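Listed here are the chains, written in short residue letters.
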Amino acid sequence: MLEIRGLTATVDGKEILRGIDLTVPTGEVHAIMGPNGSGKSTLSYVLAGREGYEVTGGSATFDGRDLLSLEPEERAALGLFLAFQYPVELPGVGNANFLRTALNATRRARGESELDAVQFLKLARAETKRLSMPDDMLKRNVNVGFSGGEKKRNEVLQMALLRPRLAILDETDSGLDIDALKIVADGVNAQRGPDFSALVITHYQRLLEHIVPDRVHVLANGRIIRSGGPELAHELEAKGYAGMVAEAA
Amino acid sequence: MNVALKREELPKGEQGFLARFEGLRGRLPGDRAVRDAAAAAFREAGLPTLRDEAWKYTNLRQVAETSFSEPLTEFADCAPLLARLPALDGSRLVFMDGRFRPDLSTVPAHARVATFAEQPDFGALARPDRHPLVALNTMLAEDGVIVEVPAGVDAGLLQLISLAADAHGRPVAFHPRHAIRLAPDARLVLLEMSVGEGGYLHNPVTEIEVGEGATLLHVRLQDEGRVCRTEIHARLTGPHGIVHLNGAQLLGGRQHSDFTTVVAHDAPHCASRQTVKNVLAGRSRGVFQGRIEVARVAQKTDGYQMNQALLLSPEAEVDSKPELEIFADDVKCSHGATVGELDPEQLFYLRTRGIPEPEARSILVRAFLAEALDLIDNEPVRDVLDRLVESWWEKQAA
Ligand SMILES: Nc1ncnc2c1ncn2[C@@H]1O[C@H](COP(=O)(O)OP(=O)(O)OP(=O)(O)O)[C@@H](O)[C@H]1O
Ligand SMILES: [Mg+2]
């Protein structure tokens with residue numbers, strides 16, 4: 001279970017998160033919606049442990065462990081996964097090698113045996129097939145020359161292989177065509193279960209038709225201003241953020 | 001000892017090298033006049049000092065104050081150094097402290113190979129009067145390899161491996177002299193790997209000739225000891241020749257490495273390509289000097305040179321000095337240089353995938369260097385880089 005209490009954080013001295021309170025119980029999927037620049041990606045970076053994002057107050061725990069004192073790789077070892085809004089290109093790093101290194105690092109951390117190249121390829125091919133990704137995406141350099149949608153699928157591929165216990169998906173739906181959206185949503189739904197939680201950041205109600213969330217939160221100006229059931233997404237669609245922000249003020 | 005050396009005025013290192021020359025003079029292979037001229041040039045110039053811009057940060061005083069021991073011919077153990085390199089199929093020529101080791105070598109089937117010791121050949125391109133360390137090499141070269149690929153022959157992949165270590169703590173210096181010659185329409189992929197440990201001076205000079213329609217792909221990988229200076233002269237002698245001279249160097253501690261190349265385009269429609277990558281940690285210093293000379297007849301020359309450095313420490317330094325000397329009017333020549341650090345965003349991305357920081361750094365270092373090897377289309381060659389970076393990384397962490 002993820003528990004965030006009174007979390008404040010600054011970037012370059014500028015306060016972006018102004019007191020976030022949020023609980024995602026184990027097994028639940030929560031959505032975060034909110035205007036551009038409201039701090040959604042900042043929250044996901046702070047949870048993943050990005051340098052330069054300075055926590056000035058509050059706490060974030062995962063299964064009772066203090067997340068904020070851990071290195072990014074230690075958070076990953078606990079089962080945290082962030083699908084980046086803007087996946088990073090790694091020229092000179094083959095995607096298959098990258099995925100296998102990540103998977104084996106994760107398996108090591110969990111006390112599982114590492115996979116050799118053959119075992120890994122079998123697994124990776126099965127997952128790429130499920131995500132309707134062409135095989136050659138394993139051979140190419142990580143995200144280099146990938147289209148916007150291909151990058152997002154590659155994030156979901158990583159999630160599928162690493163099997164995190166808490167996935168933060170930062171606008172993974174942006175840039176996806178209609179079929180890809182469905183495939184990606186299926187990928188997330190396939191992970192759902194009693195030991196998997198997710199924080200799905202999105203601007204679009206459409207994604208939430210495929211991944212039906214347990215709760216929806218609205219983040220504006222560095223704070224959660226409303227929380228509710230899936231119907232909150234519909235209300236937003238009708239009112240827009242401006243209306244809701246005005247109401248909350 | 002010759003009194004004319006004015007030994008009391010010479011610092012130890014120079015005196016030592018000159019004394020060594022005097023001692024070996026009657027026994028060194030090759031043209032004695034060439035040796036004497038080189039010795040005169042070396043005596044005149046002396047070793048580079050801290051006043052020489054390119055050597056400012058290297059404590060060459062260490063070299064200057066050292067009397068180098070004879071390279072020992074009886075090295076008990078090359079195995080730990082060889083173990084840093086994966087065993088690749090095909091032919092390889094192995095040198096230990098500058099001496100050819102037939103017992104560790106497999107001579108290529110499709111090329112003629114001779115050693116400098118048997119068939120001394122100074123070539124015509126390296127100029128002892130231009131650099132004191134070339135003079136030093138010409139004066140003291142004892143061994144090296146001469147590879148000739150006959151016309152129309154594809155000699156495949158040849159590894160040129162140089163292993164080096166000091167003599168149980170005592171410094172050694174060695175000055176191999178190599179020549180690589182490709183007859184018309186010949187082809188060779190030359191993978192040169194230099195690894196070593198300790199306080200030694202490695203000072204190889206290589207001369208390359210590429211004939212009409214011939215192609216040489218040369219990649220030099222190094223993880224060396226204290227001081228290394230490599231000078232390569234390549235000459236394109238006939239139309240439509242292609243030469244690639246790539247390099248990937250790993251430097252750390254107080255190492256100094258100078259990689260100097262001169263590519264002479266003496267015929268039209270030739271291409272030369274260089275991608276040189278340096279990774280520098282600690283207080284190391286890397287120098288790349290690349291010169292392209294295009295003769296008046298060498299129209300339609302295509303020359304490209306790129307030097308990129310990755311600085312892993314604020315105290316490391318890199319110097320890049322490209323030079324173009326062009327006498328033809330219809331040519332395409334370009335050069336560029338970049339210096340950067342590891343990208344924190346890429347590091348973060350890798351770490352969020354559970355990859356520990358040291359491993360993430362190592363992945364990015366390998367990715368940076370990989371481009372220098374891309375032209376060799378051979379999967380096992382990739383392992384070379386992985387292994388080299390891995391052992392280098394362990395040394396840096398130690
Ligand atoms: N490095 C930085 N320096 C200065 N300001 C920053 C930096 N990074 C983020 N910000 C600011 O922080 C605010 C929150 O950004 P964030 O990326 O978290 O928004 P978001 O809610 O994810 O927006 P979007 O919906 O557009 O993705 C923005 O105003 C942004 O300009
Ligand atoms: Mg964002």
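Higher on the page you've got the structure.
The residue count restarts for each chain, going from 1 along the sequence in the order it is written. Chain labels run from A onward and ligand labels from 1 onward, assigned in the order the entries are written. Where local features are concerned, this predicted model is filtered to residues with pLDDT of at least 70; where side-chain atom pairs are given and counted, the filter is 80 or more; whole-chain, interface and lining totals use all residues. Calculation of side-chain values draws on the structure's entire complement of heavy atoms; hydrogens and water are dropped beforehand.

A. Spotlight on the packing of aromatic side chains. Centres within 6.5 Å are what make two rings of Phe, Tyr or Trp a pair, Trp counting through its six-membered ring; a difference in plane orientation under 30 degrees is then read as stacked, over 60 as edge-to-face, and the rest as tilted. Scanning all chains against the criterion turns up twelve aromatic pairs over all chains. For the pair A:Phe84 and B:Tyr349, a centre-to-centre distance of 4.9 Å together with 85° between the ring planes defines the contact as edge-to-face. With A:Phe84 in the loop between strand E6 (80–83) and strand E7 (90–94) and B:Tyr349 in helix H6 (residues 344–352), this pair bridges two chains. Residue exposure (1.4 Å probe, protein chains only): buried if accessible area is under 20% of the type maximum, exposed if over 50%, otherwise partly exposed. A relative accessible area of 1% means that A:Phe84 is categorised as buried. Owing to a relative accessible area of 0%, B:Tyr349 belongs among the buried residues under this scheme. Joined through ring pairs, the aromatic side chains of A:Tyr45, A:Tyr53, A:Phe84, A:Phe98, B:Phe348 and B:Tyr349 make up one cluster. Only when the NZ atom of a Lys or the CZ atom of an Arg is both within 6 Å of the ring centre and within 35 degrees of the ring normal do we say a charge sits over the ring. Taking the ring centre of A:Tyr45 as reference, the NZ or CZ of A:Arg50 above it sits at 4.5 Å. Per the convention used, a helix needs a DSSP run of H or I reaching at least four residues, while a strand needs a run of E reaching at least two, with both numbered from the N terminus.

B. Spatial organisation of the interface of chain B and chain A. Counting from both sides, the interface comprises 17 residues of chain B and, opposite them, 31 residues of chain A. What counts as buried area is the accessible surface, traced by a 1.4 Å probe, that two parts surrender upon association, with contributions from both included. Ranking the residues of chain B by area buried against chain A places B:Phe348, B:Tyr349 and B:Arg353 at the top, with a combined share of 41%. The salt bridge criterion pairs a side-chain nitrogen of Lys or Arg with a carboxyl oxygen of Asp or Glu, the two atoms within 4 Å. For the salt bridge of A:Arg108 with B:Glu359, the shortest nitrogen-to-oxygen distance reads 3.3 Å. N or O atoms within 3.5 Å of each other form a polar contact, as long as, within protein, one can give a hydrogen and the other can take it, and as long as residues adjacent in sequence are counted only when both atoms are side-chain atoms. Between the two partners, chain B and chain A, sit eleven residue pairs in polar contact (both at pLDDT 80 or more). Looking at the side of chain B that touches chain A, the elements with two or more residues in it are H6 and helix H7 (357–373) of chain B. Note on contacts: a residue pair is in contact if any heavy atoms of the two residues lie within 4.5 Å.

C. Layout of the sheet that holds E6(A). Residue and element names in this part refer to chain A. Pairing between strands is defined by DSSP: at least two bridges between them are needed. Taken in spatial order, the six strands of this open sheet run E6-E9-E10-E3-E11-E12, and their pairing is mixed. Looking at strand neighbours, the two that pair on one side only are E6 and strand E12 (223–228), the edges of this open sheet. Strand after strand, the sheet turns through a mean of 20° between neighbouring axes, direction not considered. Sheet analysis places strand E3 (residues 29–33) next to strand E10 (residues 197–201), joined by four bridges and oriented parallel. Opposite Ile 32, over in E10, you have Ile 201 as the bridge partner. In this description, a line fitted to the C-alpha atoms serves as the axis of each element, helices being fitted only across the stretch in contact, and the angle between N-to-C directions of two axes falls anywhere from 0 to 180 degrees.

D. Here's a closer look at the coordination of the magnesium ion (ligand 2). Residues and elements named next belong to chain A. Donor atoms are limited to N, O and S found within 2.8 Å of the metal ion, a distance that becomes 3.2 Å for Na, K and Ca. With water left out, some sites might look partial. Around the magnesium ion (ligand 2), the protein contributes the donor atoms Ser 41 (OG) and Gln 85 (OE1), which lie 2.0 to 2.1 Å from the metal centre. Residue Ser 41 is located in helix H1 (residues 40–48), and its partner Gln 85 is located in the loop between E6 and E7; the two are separated by 44 residues in the primary sequence. Exposure remark for Ser 41: the relative accessible area of 18% places this residue in the buried category.

E. Representation of the site of ligand 1. Residues and elements named next belong to chain A. To be near a molecule or strand, a residue needs just one of its heavy atoms within 4 Å of it. Residues in contact with ligand 1 amount to 16 residues; listed here are only the nearest, Gly 37, Lys 40, Ser 41, Thr 42 and His 203. Asp 12 places a polar side-chain atom, nitrogen or oxygen, 3.2 Å from a nitrogen atom of ligand 1. If you list the elements that add at least two residues to the shell around ligand 1, you get strand E2 (14–24) and H1. With three residues, H1 is the largest single contributor of residues to the shell around ligand 1. Classifying every residue of the shell around ligand 1 gives four nonpolar, eight polar and four charged. Residue polarity is assigned by list, with Asp, Glu, Lys and Arg as charged and Ala, Val, Leu, Ile, Met, Phe, Trp, Tyr, Cys and Pro as nonpolar; anything else, Gly included, falls into the polar class.

F. Structural context of empty space enclosed by the protein. All names here are of chain B. The pocket and cavity definitions rest on a 1 Å grid over protein atoms only: a 1.4 Å probe that fits but cannot leave marks a cavity, an open set with protein on both sides within 12 Å along at least five of seven lines marks a pocket, and residues lining either have an atom within 4 Å of a point. Grid points are joined across faces, edges and corners, and a volume is the space filled by probe spheres set on the points. Here the structure, examined in full by the defined rule, presents seven cavities of 30 Å³ or more. For the second largest cavity, the calculated volume is near 70 Å³. Contributing to the lining of the second largest cavity are Phe 95, Leu 160, Ile 161, Ser 162, Pro 176, His 178, Glu 192, Ser 194, His 202 and Pro 204. Elements with a contribution of two residues or more to the lining of the second largest cavity: strand E5 (154–165) and strand E8 (187–197). Looking at the lining of the second largest cavity, the element that brings in the most residues is E5, giving three residues. For the lining of the second largest cavity, the class distribution of residues is five nonpolar, four polar and one charged.

G. Structural view of the environment of A:Leu47. Residue and element names in this part refer to chain A. Its location among the elements puts Leu 47 in helix H1. Taking the C-alpha atoms as reference points, Leu 47 and Ala 60, 13 residues apart in sequence, are found 7.6 Å from one another. Beyond its immediate stretch of four places on either side in the chain, Leu 47 contacts Leu 2, Ile 4, Ala 60, Leu 67, Arg 75, Leu 80, Ile 168 and Leu 199.

H. A look at the pairing of strand E4 (residues 53–62) of chain A. Residue and element names in this part refer to chain A. Sheet topology places strand E1 (residues 2–11) next to E4; eight bridges connect them, and they run antiparallel. Of the residues in E4, the one forming a bridge with Leu 2 is Phe 62. In terms of strand pairing, E4 meets strand E5 (residues 65–66) through two bridges, oriented antiparallel. Across the sheet, the residue bridging to Phe 62 is Arg 65, located in E5. Between E4 and E5, which follow one another and run antiparallel, lie two residues, and Asp 63 among them has a positive phi close to 50°.

I. Region of interest: the nonpolar core. Residues and elements named next belong to chain B. Leu 191 and Leu 221 are the most contacted members of the largest nonpolar core, which has 115 residues in total. With residues near it in sequence (within four places) discarded, Leu 221 still touches Leu 191, Glu 192, Met 193, Ser 194, Ala 248, Leu 373, Val 384, Leu 385 and Leu 388. Nonpolar cores are built from buried Ala, Val, Leu, Ile, Met, Phe, Trp, Tyr and Cys residues. Side-chain atoms within 4.5 Å join them into one set. One finds Ala 186, Ile 208, Leu 236 and Val 243 within the second-largest nonpolar core, a separate group that totals 30 residues.

J. Representation of the pattern of salt bridges in the model. Applying the stated criterion to the full structure yields 46 salt bridges over all chains. B:Arg351 is the partner of A:Glu73 in a salt bridge, and the nearest nitrogen-oxygen pair spans 2.6 Å. Linking A:Glu73 in helix H2 (residues 72–78) with B:Arg351 in helix H6, this pair reaches from one chain into another. For A:Glu73, a relative accessible area of 14% translates into the label buried. The salt bridge partner of B:Asp223 is B:Arg84, with a shortest N-O separation of 3.3 Å. Placement of B:Asp223 in strand E11 (residues 215–223) and of B:Arg84 in the loop between helix H4 (79–82) and strand E1 (91–96) is noted, with a sequence separation of 139 residues between them. Each member of the salt-bridge network shares a partner with another, and the members are A:Glu71, A:Glu73, B:Arg351, B:Glu357 and B:Arg361.

K. The arrangement of the packing of helix H3 (residues 95–109) of chain A against helix H4 (residues 117–130) of chain A in detail. Residues and elements named next belong to chain A. Contact geometry for H3 and H4: axes closest at 11 Å, N-to-C directions at 105°. In terms of their interaxial angle, H3 and H4 are classed as roughly perpendicular. Of the residues in H4, those in contact with Ala 96, Leu 99, Arg 100 and Leu 103 of H3 are Ala 117, Phe 120 and Leu 123. Here the contact of H3 with H4 is composed, by residue class, of six nonpolar, no polar and one charged. Between 65 and 115 degrees an angle is taken as roughly perpendicular, under 35 as roughly parallel, over 145 as roughly antiparallel, and anywhere else as oblique.

L. The arrangement of the sheet that holds E5(B) in detail. Residue and element names in this part refer to chain B. Strand order in this open sheet of nine strands is E2-E1-E5-E8-E11-E13-E15-E17-E19, and the pairing throughout is mixed. The sheet terminates laterally at strand E2 (99–100) and strand E19 (332–340), the two strands that pair on one side only. Along the sheet, H7 makes contact with E8, E11, strand E13 (242–251), strand E15 (271–280) and strand E17 (302–311), crossing E15 at roughly 160°. Strand contacts of helix H8 (residues 379–397): E5, E8, E11, E13 and E15, with the helix running at about 20° to E11, the strand carrying the most contacts.

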